[in-house]
Amino acid sequence: MKIAHARIYPLSIPLSDPIKMSGETVFDAKTVVLQLVDEKGYSGWGEASVAPLMTGETLDSLLANLRYLVQKVRGISWEDPRNLTAELNKVLYGNSSAKSCLQMALLDIYTQKENVVLWKFLRTLFKKNDLDKPLPIPILRMLGGSIEKEQMDAESLRRQGYRHWKIKVGLLPLEQDIKRVETLLNLLGEDTVSVDANGAMNIEDAIRFTQSDKVGRLAFAEQLITSNSSTFDFCRLKNESKIAIGLDESIHGLREVEQFIELKAFDGASLKLIKTGGLIEAMECALMLENNNLKINLACKVAETSISAAATAAIGFALGRLPWGYSMSNQYLSFDVCKVPLVAENGLLDSSKLNAPGIGIDPDIMLLKSAIAKEYSVISC
Ligand SMILES: [Mg+2]
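Keep in mind that what you see is a predicted model, and the values were worked out from it rather than measured.

## Comments concerning the sheet that holds strand β12 (residues 326–327)
Ordered in space as β5-β6-β7-β8-β9-β10-β11-β12, the eight strands form an open sheet in which the pairing is parallel. Among the strands making up the open sheet, the edge pair consists of β5 (140–143) and β12. Sheet topology places strand β7 (residues 192–196) next to strand β8 (residues 220–222); three bridges connect them, and they run parallel. In the sheet register, Val 195 faces β8, and the bridge partner there is Ala 221. Lying over the sheet, helix α7 (residues 174–187) contacts β5, β6 (164–168) and β7, oriented at roughly 165 degrees with respect to β6.

This is the structure we're talking about:
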């Protein structure tokens, strides 16, 4: 299979509600969709969202690097998906979002041609075909805004069947965050509830938070301290915490997973395709975590469309179970780029939703064009 041509769609899609995190407030999804067409006319789709604070890539750099990668690898014949990343690494250092986007589109074409569903292909690639039928993936909802809004959202989403939650913390003084989380925990009963500080707490506050009995029922606390923290602080937090410790910004790929396993400094990690550089690398990280009895949370960056949502879900279905849930971020968009977006039912995503060969999602060209970011246009290369 060789790439015949490509189209790159730089998108900006407003969120239904702005999402406030400790380092930024997100009003719209700046995301890039890539269509690759091979010499036989097969079309594959990839996507990567812009996350300067997570991968160092901006909309402009992502577009430039995608264009660069497509031009560099056009002459290559892609017969074995395991070679994809090695080939991309030969021509560009770093830039994991751009590489993930390209790998996703290539895998979409490859699995369509092989007539296999992406998650089943991942099982075959990693010799996991003996696993049972995947359990439905619990979809995790983010709570934020005023406490009144959080309570209203939690109640209405619980009625829709959601039972997994992530509360953003780190913007308020510690005692207020503890009080807020305690109120929500009381409201959410036996649900699986986590917090995410995006690295905003100092080590002393982080330890105080995780030792507070008021929030002791949390399933895990994600990235309480900044990824620049010392290994001493990460170990101290893990050893002194009464809550399971998750890491997100600290974990980009297998190297960090191995380092933190060596340090015994976490209980699990949040994996995003834009960080790992692709689906195959995300599977490697997930299996390394599983083999060490550590937990996995899958996540899209806020916010990606159904394309990235489906590709990320493929990791969860390939693994078969996902106790820390999946933050599928297309649910925060004011509109999606597919006529039939990927949606949870009763708070769960069933593997039957992705039965078509490939990623299993086809965007609508008119919807894509309607979402082109201001002052940008479709790039053909
Ligand atoms: Mg996070």
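Next comes the rest of the description.
## So, helix α6 (residues 147–159)
With 13 residues, α6 extends 18 Å from end C-alpha to end C-alpha; this agrees with the ideal 18 Å at 1.5 Å per step. Buried-residue contacts for α6 involve β5, β6 and α7.

## Some thoughts on the pairing of strand β1 (residues 3–20)
Pairing of β1 with strand β2 (residues 25–38) involves 13 bridges; the strand directions are antiparallel. Looking across to β2, one finds that Ile 13 is bridged to Ala 29. Looking at chain direction, β1 and strand β14 (residues 379–380) are connected through two bridges and run antiparallel. By the bridge assignment, Arg 7 is partnered in β14 with Ser 380.

## Observations concerning helix α10 (residues 254–263)
Along α10, the residues that are buried comprise Glu 256, Val 257 and Phe 260. Looking down the long axis of α10, one finds its buried residues gathered within 105 degrees of arc, a one-sided arrangement. The outward face of α10, more than 90 degrees from its buried face, is lined by the exposed residues Arg 255 and Glu 262. Against the buried residues of α10 lie α9 (231–240), β9 (245–247) and α12 (279–291). Directly after α10, the chain includes Lys 264, whose backbone phi takes a positive value near 55 degrees.

## Some remarks on the coordination of the magnesium ion
Within the protein, Asp 196 (OD), Glu 222 (OE) and Asp 248 (OD) serve as the donor atoms for the magnesium ion, at 2.0 to 2.3 Å. For Asp 196, a relative accessible area of 2% corresponds to the buried category. Overall, the relative accessible area of 1% leaves Glu 222 in the buried class.

## Points about the packing of aromatic side chains
Scanning all chains against the criterion turns up six aromatic pairs. Measuring from centroid to centroid gives 6.3 Å for Tyr 9 and Trp 45, while their planes differ by 35 degrees, and the two rings are tilted. Pair noted here: Tyr 9 is in strand β1 and Trp 45 is in strand β3 (residues 43–49), with a separation of 36 residues, a long-range link. Given a relative accessible area of 2%, Tyr 9 falls into the buried group. By the ring-pair criterion, three or more aromatic residues cluster together here, those being Phe 234, Phe 260 and Phe 266. Positioned over the ring face of Tyr 162 is Arg 141, at 5.2 Å from the centre of the ring.

Calculation rules
All chains use their own residue numbering, which begins from 1 and follows the written sequence. Given that this is a predicted model, residues contribute local features only at a pLDDT of at least 70 and side-chain atom pairs are listed and counted only at 80 or more, while totals for whole chains, interfaces and linings are drawn from all residues. Excluded from the side-chain calculations are hydrogens and water; all other atoms, namely the structure's heavy atoms, are used. Paired strands, as defined in this entry, are two strands with at least two bridges between them according to DSSP. Strands here mean DSSP runs of E at least two residues long; helices mean DSSP runs of H or I at least four residues long; both are numbered from the N terminus. Working rule for contacts: check all heavy atoms of both residues, and any pair within 4.5 Å makes them a contact. For helices, the fitted line uses only the C-alpha atoms of the stretch in contact; every axis is such a line through C-alpha atoms, and the angle between N-to-C directions lies from 0 to 180 degrees. The length a helix should cover is 1.5 Å for every residue beyond the first. Only protein chains enter the accessibility calculation, which uses a 1.4 Å probe. A residue is then buried if its area is under 20% of the maximum for its type, exposed if over 50%, and partly exposed in between. Arc definition: it is the arc formed by the directions from the helix axis to the C-beta atoms. Only N, O and S atoms count as donors, using a 2.8 Å limit from the metal and a wider 3.2 Å limit for Na, K and Ca, and since water is excluded some coordination spheres may look unfilled. Pairing of aromatic rings covers Phe, Tyr and Trp, the last counted by its six-membered ring, and requires centre-to-centre distances within 6.5 Å; plane angles under 30 degrees mean stacked, over 60 mean edge-to-face, and any other angle means tilted. Criterion for a charge above a ring: Lys NZ or Arg CZ within 6 Å of the ring centre, and within 35 degrees of the ring normal.

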